[in-house]
Amino acid sequence: MGLIKHKLAYFFFLFLSAFFNIHQTANAADSPHVDLYVTYEEKAGKVVVHATTFLTTSAPKFVLSNVVTLTNVEIGNNAVIYEASDSYLIALKEGQNSAPIVLTYSISLPASKKTDGSTDHNGGADWSGDQTGAFIPGNRIWYPLFQEPSTANITIKTRSHLRAVAPGHETGSEDTNGYRVSTFEMPQPILGIDLMIGQWLVSEKQFQGITGRIILRTYFDENNSPLSEEYLALCERYIKYYEELIGPYPYTGFAVVSSPFPTGLGMPSLTYISEKILKYPFIKNRSLPHEIVHNWLGNGIRASYESGNWSEGLTTYLADYWQTELKSQSAAKDMRYGWLRNYASVAREDEQSLSSFSSRHHTASSAIGYGKGAMFFHMLRTVLGKPAFISCIKDFWGSFQFKSASYSTIRDTCQKYTNADLNLFFEAWVPTLGAPTISVVKTPRMSDNRQLLLTQDGSWVYNLEIEYASLKNESEIITIPLENKLTEVNILENSKGVAQVQIDPNFNVWRNLYSEEIVPTIRDFIVAKEPIYKQLGSNVINGQKLISEYFLENEIQKKPHKASDLSERLESIHLGDISEVRDHLLLSTQANDQRFLTAMSNADFLIASLSHMRGKTLFIGVSPKIDEEMLFMLLSRARHYGKYSWLTISSSGQTFSGKWSRGKKLFELSASGRKN
Ligand SMILES: [Zn+2]
């Protein structure tokens, strides 16, 4: 979640799908196998690869990127080589049973652009090489890539000041005559091997896992090496925790590798994280457990993408969320709210279903694949109960490790642990778009004054919490299983009757938030589809152009909307002198946070996001000290505060930010329901 991206880049998947009707099965015994001998020539910025493999009737073809320069091709008479637009395809000839293949080729690596954030469009680092290291991503198809994951042995030769890291089990690393030769075995089938070469300080720790010793390593640059001990301890703690929760850890080791690139990657048995962010708590507490859990879910059990990638949702749920819930119920509630809040800013036309999610490629897909995916598993846990949910996860791991699985595999596994019809539940959430909007009224026809009528705009299946307060203000929560559009509910009330009902007060359901619950954020404006701009007064610099070019994703609308076009989603940006903006904000009931009021009084620049009946307004206040160049810098900085409702910066650089408090939607019920 968040920062770390995963190995199977979207474009790579599309590329493969074009060649093969992807269907992953296979355990190690049926998998194709590849032997690679890789030499890194750092002065020339290239790798030379000697690859040997075997085509058989069960693995009759593979692809290799055609950016490689082939220097030796031994495919015999039983195989044939084709060149497609961006790759070679090497395939068994019809009627043949097997063919040994030997290829030698070199790949020129572009010089790395570490400072400008050289990343592919998917956020992972792209390939590069120089004197201090190299990165060769699996999604570049740099070695024979079969239709299904293959096992592999890799030998990597570098100059001795460098070190190589690859997924799998390191079986040796020897330093002779100025060269280092490292060997890796991947006995578990893998699709797309990433290779990393760098100058690192290596620390190691071993511990006894459920089925064998597990070797933990950090490969850190000098600045981060003091963090090694902490990382090794965290890795041990998380792996032990998830061995208890899910089952035996599937690899012989786990490594955390510092990356000179601004983003990171997760892959079987290791994670590659930017050296600039290793020190931050959110990496230690969220990204690290997330990557570790992917060794079971995503790498251990692979998601069969054609029916939706469940692995991000389940990993986010069991790692990011589960660790949060262990520490604090209220932080867990905030995280669930965050998923719904992110969803609230997804435009309907950008929404996809869980079954069409493959990997994150923009904000909207991450709100679904990670947010809705995690909430889906949360709701599943609510339906099953926590002990049954955990049994189901253990069973899933026990039955499907190193195989591929789909949502229906998970459904069938969990069905063993419940009487609820999971078919209905999965059908309601996996292939669908949208979310329920829930409403409640007191039915007028009731005889005993105890009936509420819940309505939802679809046949969504879940357990819903209803919190109600009697006129005496005694609060109670009940849980109702819902699957129909209309559901009558009995609530036991005292003679005073029920005054107020709150639906899903703890955000346990994938649903549309009520407008009262939506805390306005700065991001609402950054991503606004058709923002409009208004200059408040003439004694202040005009920020329209800067805001349009450097702050917003979409341009400010040239012509303001006509009054008749005003809709709920209208976002308007008002820029003015800071004292004038302060006066506006002092009148607002939303902007009454004491921290904000204090910070605002000393600020030279402020941003506040407010919602109101006719839409949303972003107030930007600038003091006379701010010139155009400073405004550019401040706006660029403000983009990093998207999740907040407000931000203030003083001329000395003091920065404060915060969110308005979350409102509640209360359904007011008249206590005087008609009695028969
Ligand atoms: Zn992930």
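Data block above holds the structure.
A quick note: this is a predicted structure, and the numbers were derived from the prediction, not measured.

About the thresholds
- Residues numbered from 1 in each chain as written.
- Predicted model: local features only at pLDDT ≥ 70, side-chain atom pairs only at ≥ 80, totals over all residues.
- Core = buried A, V, L, I, M, F, W, Y, C linked by C-beta atoms within 7 Å.
- Buried ≥ 20, exposed ≤ 12 C-beta atoms within 10 Å, placed from the backbone.
- Helix = DSSP H or I, 4+ residues; strand = E, 2+ residues; numbered from the N terminus.
- Pairing = 2+ DSSP bridges.
- Axes fitted to C-alpha atoms, helices over the stretch in contact; angles between N-to-C directions.
- Contact = placed C-beta atoms within 7 Å.
- Parallel < 35°, antiparallel > 145°, perpendicular 65-115°, else oblique.
- Left-handed = near helix turned anticlockwise from the far one by under 90°.
- Nonpolar A, V, L, I, M, F, W, Y, C, P; charged D, E, K, R; others polar.
- Right-handed = clockwise from strand over helix to strand, strands pointing away.

J.: What is the right way to look at the nonpolar core in this model?
T.: It is characteristic of soluble globular proteins that their nonpolar side chains tend to be buried jointly. Judged by nonpolar contacts, the single largest core of 136 residues is most densely connected at Leu-195, Cys-235 and Phe-254. Per-element accounting of this core gives the leading share, eleven residues, to helix H6 (residues 363-384). In this structure, Ile-526, Ala-528, Ile-573 and Phe-605 belong to the second largest nonpolar core, which totals 35 residues.

J.: Is there a simple way to think about the sheet that holds strand E35 (residues 655-658) in this case?
T.: Sheet strands pair via backbone hydrogen bonds, and the direction of the pair is either parallel or antiparallel. Strands sit in the order E30-E31-E33-E32-E34-E35 across an open sheet of six strands; the sheet is mixed. Strands at the two margins of the open sheet, each flanked by one partner only, are strand E30 (532-536) and E35. Each adjacent strand pair in this sheet contributes to an overall mean axis angle of 15 degrees, direction not counted. Sheet topology note: the strand E31 (residues 571-577)/strand E33 (residues 615-622) ladder contains seven bridges and is parallel. Each bridged residue has a counterpart across the sheet, and for Leu-575 the counterpart in E33 is Ile-620. In this fold helix H13 (residues 594-601) packs onto strand E32 (605-612), strand E34 (646-649) and E35, with an angle of close to 150 degrees to the strand it touches most, E35.

J.: It is not clear to me how the sheet that holds strand E10 (residues 133-136) should be interpreted in this structure. Could you clarify?
T.: Taken in spatial order, the four strands line up as E9-E10-E16-E13 in an open sheet, and their pairing is antiparallel. Edge strands, defined here as strands with exactly one partner in the open sheet, are strand E9 (128-130) and strand E13 (163-165). Neighbour to neighbour, the strand axes of the sheet diverge by 15 degrees on average, direction disregarded. Pairing between E13 and strand E16 (residues 195-198): three bridges, direction antiparallel. When the bridges of E16 are listed, Arg-163 appears paired with Gly-198.

J.: Could you clarify how one ought to interpret the packing of helix H7 (residues 386-400) against helix H8 (residues 407-415) in this entry?
T.: When two helices pack together, their arrangement is given by the angle between the helix axes and the distance between those axes. Interhelical geometry of H7 versus H8 gives an angle of 120 degrees and a closest axis separation of 9 Å. For the element pair H7 / H8, the angle class is oblique. Helix-helix and strand crossings are classified by hand; for H7 and H8 the assignment is right-handed. Residues Cys-392, Asp-395, Phe-396, Ser-399 and Phe-400 of H7 touch H8, and the partners they reach there are Thr-409, Ile-410, Thr-413 and Cys-414. Of the residues in the contact of H7 with H8, the class split is five nonpolar, three polar and one charged.

J.: Please clarify how the pairing of strand E19 (residues 253-259) should be interpreted in this entry.
T.: Across the seven residues of E19, seven count as buried, placing the element largely inside the fold. Along E19, one buried face is formed by Gly-253, Ala-255, Val-257 and Ser-259 and the opposite face, lined by Phe-254, Val-256 and Ser-258, is buried too. Pairing analysis gives five bridges linking strand E18 (residues 213-220) to E19, with the strands arranged parallel. Of the residues in E19, the one forming a bridge with Leu-216 is Phe-254. Running through helix H2 (residues 228-245), the crossover from E18 to the neighbouring parallel element E19 is left-handed. Of the pairings in the sheet, the one linking E19 to strand E21 (residues 270-274) comprises five bridges and is parallel in character. Counted as the bridge partner of Ala-255 is Leu-270 from E21.

Remember, this is a structural readout, not a statement about activity or role.
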